[in-house]
Amino acid sequence: FYGLVLPLVLGKETVVATELTGAAMVQLLEKYQPDLVVGTATHYRYLVRAGASVSPRATVYLSSGAPLDPATAEAFASRFGTAVRDVYGTTALGGVAWRAWPEPYQPMPGVAFRIDPDSGRIEVRSPWSSAADQWIATDDVAEPAGEGRFALLGRLSHMVKVGAKRFSSVEVEQALTAMGGVAEAAVVPYARYGEPAIAAFVSPERGAALTIEAVRAFLGERLATFKLPRTIRFVDALPRGSHEKVDYAALRRMLSEEGSGG
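Keep in mind that this is a model prediction, so the values were computed, not measured.

Enquirer: Hey, could you go over the sheet that holds strand 13 (residues 195-204) for me, with residue numbers and the actual values?
Expert: Across the sheet, which stays open at both edges, the three strands sit in the order 12-13-14 with mixed pairing between neighbours. Bordering the open sheet on either side are strand 12 (182-192) and strand 14 (231-234), each of which pairs with just one other strand. When the angles between neighbouring strand axes are averaged without regard to direction, this sheet yields 20°. Taken together, the four bridges between strand 13 and strand 14 define a ladder with parallel strand orientation. Residue pairing for strand 14: V202 is matched across the bridge by F234.

What follows is the structure in C-alpha coordinates.
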(Lines give C-alpha, C1' and ligand atoms only; values in the text may rest on other atoms or scores of the structure.)
Protein backbone atom coordinates (compact mmCIF):
# COMPACT_ATOMS: atom_id res chain seq x y z
CA PHE A 1 0.00 0.00 0.00
CA TYR A 2 2.56 2.58 1.12
CA GLY A 3 4.91 2.06 -1.80
CA LEU A 4 2.37 1.64 -4.62
CA VAL A 5 -1.19 2.70 -3.83
CA LEU A 6 -0.34 5.81 -1.81
CA PRO A 7 1.84 7.40 -4.55
CA LEU A 8 -0.82 6.61 -7.17
CA VAL A 9 -3.55 8.23 -5.07
CA LEU A 10 -1.36 11.31 -4.69
CA GLY A 11 -0.66 11.42 -8.43
CA LYS A 12 3.00 10.54 -7.99
CA GLU A 13 5.28 8.01 -9.63
CA THR A 14 6.71 4.85 -8.09
CA VAL A 15 10.14 3.40 -8.83
CA VAL A 16 10.58 -0.26 -7.90
CA ALA A 17 14.02 -1.51 -6.84
CA THR A 18 14.42 -4.97 -8.34
CA GLU A 19 18.04 -5.56 -7.32
CA LEU A 20 18.44 -6.23 -3.61
CA THR A 21 21.89 -4.84 -2.97
CA GLY A 22 22.86 -1.80 -0.98
CA ALA A 23 24.88 -0.31 -3.84
CA ALA A 24 21.98 -0.62 -6.30
CA MET A 25 19.54 1.00 -3.88
CA VAL A 26 21.94 3.85 -3.13
CA GLN A 27 22.20 4.51 -6.88
CA LEU A 28 18.42 4.74 -7.16
CA LEU A 29 18.22 7.12 -4.20
CA GLU A 30 20.87 9.38 -5.70
CA LYS A 31 19.26 9.29 -9.14
CA TYR A 32 15.62 9.92 -8.22
CA GLN A 33 15.90 11.77 -4.88
CA PRO A 34 12.48 10.41 -3.83
CA ASP A 35 10.12 12.05 -1.35
CA LEU A 36 9.09 8.68 0.07
CA VAL A 37 11.07 5.45 0.39
CA VAL A 38 9.27 2.25 1.40
CA GLY A 39 11.27 -0.84 2.24
CA THR A 40 11.58 -3.77 4.59
CA ALA A 41 14.00 -4.32 7.44
CA THR A 42 16.18 -6.27 5.00
CA HIS A 43 16.36 -3.32 2.57
CA TYR A 44 17.57 -0.98 5.31
CA ARG A 45 20.12 -3.49 6.54
CA TYR A 46 21.61 -3.68 3.05
CA LEU A 47 21.59 0.11 2.72
CA VAL A 48 23.53 0.44 5.95
CA ARG A 49 26.02 -2.22 4.90
CA ALA A 50 26.57 -0.46 1.56
CA GLY A 51 28.73 1.98 3.49
CA ALA A 52 27.31 5.02 1.71
CA SER A 53 25.19 7.94 2.82
CA VAL A 54 22.60 9.87 0.83
CA SER A 55 21.33 13.38 1.46
CA PRO A 56 17.80 12.74 2.70
CA ARG A 57 16.33 16.07 1.51
CA ALA A 58 12.70 15.90 2.68
CA THR A 59 12.68 12.15 2.20
CA VAL A 60 10.54 10.03 4.51
CA TYR A 61 11.80 6.48 5.00
CA LEU A 62 9.21 3.83 5.91
CA SER A 63 9.89 0.25 6.96
CA SER A 64 7.12 -2.34 7.03
CA GLY A 65 6.62 -6.10 6.94
CA ALA A 66 8.76 -6.90 9.99
CA PRO A 67 10.18 -4.96 12.95
CA LEU A 68 13.32 -2.98 12.18
CA ASP A 69 16.19 -4.27 14.30
CA PRO A 70 17.76 -1.69 16.64
CA ALA A 71 21.29 -2.00 15.23
CA THR A 72 20.12 -1.23 11.68
CA ALA A 73 17.84 1.60 12.81
CA GLU A 74 20.62 3.25 14.82
CA ALA A 75 23.20 2.90 12.05
CA PHE A 76 20.78 4.25 9.44
CA ALA A 77 19.86 7.30 11.53
CA SER A 78 23.53 8.05 12.14
CA ARG A 79 24.55 7.70 8.49
CA PHE A 80 21.53 9.17 6.72
CA GLY A 81 20.72 11.86 9.24
CA THR A 82 17.07 10.86 9.66
CA ALA A 83 15.13 8.16 11.48
CA VAL A 84 13.27 5.36 9.74
CA ARG A 85 9.50 5.41 10.34
CA ASP A 86 8.76 1.84 11.39
CA VAL A 87 5.18 0.80 10.52
CA TYR A 88 3.35 -1.97 12.37
CA GLY A 89 0.28 -3.56 10.82
CA THR A 90 -1.46 -6.77 9.81
CA THR A 91 -3.08 -8.06 6.64
CA ALA A 92 -6.57 -7.87 8.15
CA LEU A 93 -6.17 -4.49 9.88
CA GLY A 94 -3.82 -2.60 7.57
CA GLY A 95 -1.57 -0.02 9.21
CA VAL A 96 -2.05 -0.11 12.98
CA ALA A 97 0.74 2.06 14.41
CA TRP A 98 4.05 3.70 13.59
CA ARG A 99 7.13 5.02 15.31
CA ALA A 100 10.24 7.02 14.58
CA TRP A 101 12.84 4.69 16.04
CA PRO A 102 13.58 4.38 18.98
CA GLU A 103 10.28 5.85 20.18
CA PRO A 104 7.36 3.54 21.14
CA TYR A 105 4.61 2.87 18.62
CA GLN A 106 1.68 5.26 18.40
CA PRO A 107 -1.61 4.28 16.73
CA MET A 108 -2.53 5.51 13.28
CA PRO A 109 -5.32 8.13 13.08
CA GLY A 110 -8.68 6.50 13.82
CA VAL A 111 -7.08 3.35 15.26
CA ALA A 112 -7.47 2.31 18.90
CA PHE A 113 -5.59 -0.44 20.74
CA ARG A 114 -5.66 -2.23 24.06
CA ILE A 115 -3.51 -4.99 25.57
CA ASP A 116 -5.01 -8.16 27.00
CA PRO A 117 -3.77 -8.37 30.61
CA ASP A 118 -3.48 -12.16 30.57
CA SER A 119 -1.83 -12.96 27.23
CA GLY A 120 -0.26 -9.59 26.45
CA ARG A 121 -1.88 -9.65 22.99
CA ILE A 122 -2.60 -6.41 21.19
CA GLU A 123 -6.28 -5.94 20.39
CA VAL A 124 -7.15 -3.37 17.74
CA ARG A 125 -10.22 -1.47 16.62
CA SER A 126 -9.58 -0.04 13.18
CA PRO A 127 -11.65 1.74 10.52
CA TRP A 128 -9.71 -0.30 7.93
CA SER A 129 -10.95 -3.69 9.18
CA SER A 130 -14.08 -5.45 7.96
CA ALA A 131 -15.55 -5.06 11.46
CA ALA A 132 -14.64 -1.48 12.30
CA ASP A 133 -16.69 -1.42 15.51
CA GLN A 134 -15.15 -4.57 16.99
CA TRP A 135 -11.93 -5.30 18.85
CA ILE A 136 -9.75 -7.65 16.79
CA ALA A 137 -7.11 -9.73 18.59
CA THR A 138 -3.74 -9.86 16.84
CA ASP A 139 -1.03 -12.48 17.23
CA ASP A 140 1.41 -9.90 18.58
CA VAL A 141 2.46 -9.20 22.17
CA ALA A 142 3.11 -5.72 23.54
CA GLU A 143 3.39 -3.73 26.73
CA PRO A 144 2.15 -0.20 27.52
CA ALA A 145 4.71 2.55 26.98
CA GLY A 146 2.79 5.56 28.31
CA GLU A 147 1.00 8.42 26.56
CA GLY A 148 -1.22 6.07 24.57
CA ARG A 149 1.71 4.19 23.02
CA PHE A 150 3.06 0.67 23.21
CA ALA A 151 6.30 -1.29 22.89
CA LEU A 152 6.09 -4.28 20.57
CA LEU A 153 7.56 -7.45 22.09
CA GLY A 154 7.01 -9.79 19.14
CA ARG A 155 4.68 -12.45 17.82
CA LEU A 156 2.84 -14.55 20.37
CA SER A 157 4.22 -17.60 18.58
CA HIS A 158 7.75 -16.20 19.01
CA MET A 159 7.51 -15.81 22.78
CA VAL A 160 9.62 -18.52 24.37
CA LYS A 161 10.46 -19.52 27.93
CA VAL A 162 13.94 -20.81 28.68
CA GLY A 163 15.31 -21.23 32.19
CA ALA A 164 11.98 -19.93 33.59
CA LYS A 165 12.56 -16.63 31.76
CA ARG A 166 10.28 -15.34 28.98
CA PHE A 167 11.52 -13.45 25.92
CA SER A 168 10.91 -13.07 22.20
CA SER A 169 12.97 -15.10 19.75
CA VAL A 170 12.87 -12.05 17.45
CA GLU A 171 15.43 -10.37 19.73
CA VAL A 172 17.83 -13.21 18.96
CA GLU A 173 17.08 -13.00 15.22
CA GLN A 174 17.84 -9.29 15.27
CA ALA A 175 21.13 -9.88 17.05
CA LEU A 176 22.07 -12.49 14.45
CA THR A 177 21.29 -10.27 11.45
CA ALA A 178 23.47 -7.54 12.94
CA MET A 179 26.49 -9.82 12.48
CA GLY A 180 28.59 -9.23 9.41
CA GLY A 181 28.23 -11.99 6.84
CA VAL A 182 24.70 -12.95 7.93
CA ALA A 183 22.04 -12.44 5.26
CA GLU A 184 19.06 -13.82 7.18
CA ALA A 185 18.34 -15.69 10.39
CA ALA A 186 15.40 -17.38 12.07
CA VAL A 187 15.00 -18.82 15.54
CA VAL A 188 12.64 -21.56 16.75
CA PRO A 189 12.06 -23.18 20.15
CA TYR A 190 12.59 -26.90 20.68
CA ALA A 191 13.24 -29.46 23.39
CA ARG A 192 16.94 -30.22 23.93
CA TYR A 193 17.42 -33.31 26.05
CA GLY A 194 13.95 -32.67 27.45
CA GLU A 195 14.64 -29.03 28.37
CA PRO A 196 13.33 -25.89 26.59
CA ALA A 197 15.90 -24.33 24.23
CA ILE A 198 16.09 -22.35 21.00
CA ALA A 199 17.73 -23.18 17.69
CA ALA A 200 19.05 -20.66 15.18
CA PHE A 201 19.06 -21.11 11.40
CA VAL A 202 21.54 -18.79 9.70
CA SER A 203 21.76 -18.01 5.99
CA PRO A 204 25.23 -16.53 5.25
CA GLU A 205 25.83 -13.85 2.66
CA ARG A 206 27.47 -15.03 -0.53
CA GLY A 207 31.16 -15.65 0.05
CA ALA A 208 30.95 -15.22 3.83
CA ALA A 209 32.94 -17.69 5.90
CA LEU A 210 30.96 -18.08 9.10
CA THR A 211 31.54 -20.64 11.81
CA ILE A 212 29.36 -21.80 14.67
CA GLU A 213 32.04 -20.68 17.12
CA ALA A 214 32.10 -17.16 15.66
CA VAL A 215 28.30 -16.89 15.80
CA ARG A 216 28.24 -18.07 19.41
CA ALA A 217 30.94 -15.57 20.38
CA PHE A 218 29.13 -12.70 18.63
CA LEU A 219 25.84 -13.46 20.38
CA GLY A 220 27.55 -14.06 23.72
CA GLU A 221 28.67 -10.42 23.77
CA ARG A 222 25.14 -9.13 23.11
CA LEU A 223 22.62 -11.43 24.75
CA ALA A 224 21.95 -12.87 28.17
CA THR A 225 23.03 -16.49 28.55
CA PHE A 226 19.48 -17.86 28.65
CA LYS A 227 18.77 -16.26 25.25
CA LEU A 228 21.64 -17.99 23.45
CA PRO A 229 20.77 -20.68 20.88
CA ARG A 230 21.82 -24.15 21.93
CA THR A 231 21.75 -25.30 18.30
CA ILE A 232 23.00 -23.37 15.26
CA ARG A 233 22.45 -24.56 11.68
CA PHE A 234 23.70 -22.92 8.48
CA VAL A 235 21.32 -23.03 5.49
CA ASP A 236 21.59 -21.67 1.96
CA ALA A 237 18.25 -19.90 2.33
CA LEU A 238 15.40 -19.83 4.83
CA PRO A 239 12.28 -21.75 3.75
CA ARG A 240 9.38 -19.49 2.88
CA GLY A 241 5.64 -19.95 2.63
CA SER A 242 2.81 -17.67 1.58
CA HIS A 243 3.60 -13.97 1.10
CA GLU A 244 7.31 -14.91 1.23
CA LYS A 245 7.19 -15.13 5.02
CA VAL A 246 9.67 -17.43 6.78
CA ASP A 247 8.18 -20.91 7.21
CA TYR A 248 8.92 -21.61 10.87
CA ALA A 249 7.02 -24.90 10.77
CA ALA A 250 9.45 -26.13 8.10
CA LEU A 251 12.38 -25.16 10.31
CA ARG A 252 10.92 -27.09 13.23
CA ARG A 253 10.51 -30.11 10.97
CA MET A 254 14.16 -29.80 9.93
CA LEU A 255 15.15 -29.88 13.61
CA SER A 256 13.01 -32.92 14.21
CA GLU A 257 14.52 -34.73 11.24
CA GLU A 258 18.08 -33.86 12.25
CA GLY A 259 17.62 -34.66 15.92
CA SER A 260 17.47 -32.24 18.83
CA GLY A 261 20.95 -32.63 20.28
CA GLY A 262 23.95 -30.33 19.82
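Enquirer: Tell me about the nonpolar core, and please be specific about residues and values.
Expert: Counting 20 residues, the largest nonpolar core has V172, L176, I198 and L219 as the members making the most contacts within it. The contacts of V172, once residues within four sequence positions are left out, are F167, V187, I198, L223, K227 and P229. Counting residues in each nonpolar core, the second largest holds 15 residues, with L29, A41, A73 and F80 among its members.

Enquirer: So what's going on with helix 2 (residues 22-32)? Which residues, and what values?
Expert: G22, A24, M25, V26 and L29 are the residues of helix 2 that are buried. The elements touched by buried residues of helix 2 are strand 1 (36-39), helix 3 (41-49), strand 2 (60-63) and helix 4 (70-80). Once helix 2 ends, the next one or two residues include Q33, with phi positive near 45°.

Enquirer: Outline the pattern of salt bridges, listing residues and values.
Expert: Enumeration according to the criterion identifies 10 salt bridges in this entry. Two residues, E171 and K227, come together in a salt bridge whose shortest N-O distance is 2.9 Å. With E171 in helix 5 (residues 169-177) and K227 in the loop between helix 6 (212-220) and strand 14, this residue pair connects regions lying 56 residues apart in the sequence. The partner of R240 in a salt bridge is E184, and the shortest N-O contact between them spans 1.9 Å. Here the residue R240 occupies a position in the loop between strand 14 and helix 7 (248-258), and E184 occupies one in strand 12, the gap between them amounting to 56 residues.

Enquirer: Any details on the packing of aromatic side chains? Residues and values, ideally.
Expert: Tallied over the entire structure, the rule returns 10 aromatic pairs. Residues Y44 and Y61 carry aromatic rings whose centres are separated by 6.4 Å and whose planes lie at 75° to one another, so their mutual orientation is edge-to-face. A residue pair is termed long-range when its members are at least 10 positions apart, and Y44 in helix 3 and Y61 in strand 2 qualify at 17 residues. Under the relative-accessibility criterion, Y44 is labelled buried at 1%. Look at Y61 and you get buried, because its relative accessible area is 1%. When the ring of Y61 is compared with that of F76, the centres are 5.0 Å apart and the planes differ by 70°; the resulting orientation is edge-to-face. Highlighted residues: Y61 in strand 2 and F76 in helix 4, separated in sequence by 15 residues. Three or more aromatic residues link up through ring pairs in this structure, and these residues are Y44, Y61, F76 and F80. In this structure, R45 is placed above the aromatic ring of Y46, and the distance from its NZ or CZ to the ring centre is 6.0 Å. Its guanidinium or amino end placed over the ring of F218, R222 lies 3.6 Å from that ring's centre, counting from NZ or CZ.

The rules behind each value
- Residues numbered from 1 in each chain as written.
- Predicted model: local features only at pLDDT ≥ 70, side-chain atom pairs only at ≥ 80, totals over all residues.
- Heavy atoms only, no water.
- Pairing = 2+ DSSP bridges.
- Helix = DSSP H or I, 4+ residues; strand = E, 2+ residues; numbered from the N terminus.
- Axes fitted to C-alpha atoms, helices over the stretch in contact; angles between N-to-C directions.
- Core = buried A, V, L, I, M, F, W, Y, C linked by side-chain atoms within 4.5 Å.
- Buried < 20%, exposed > 50% of the residue type's maximum accessible area, 1.4 Å probe, protein only.
- Contact = heavy atoms within 4.5 Å.
- Salt bridge = Lys/Arg side-chain N within 4 Å of Asp/Glu carboxyl O.
- Phe/Tyr/Trp six-rings, centres within 6.5 Å; stacked < 30°, edge-to-face > 60°.
- Lys NZ or Arg CZ within 6 Å of the ring centre and 35° of its normal.

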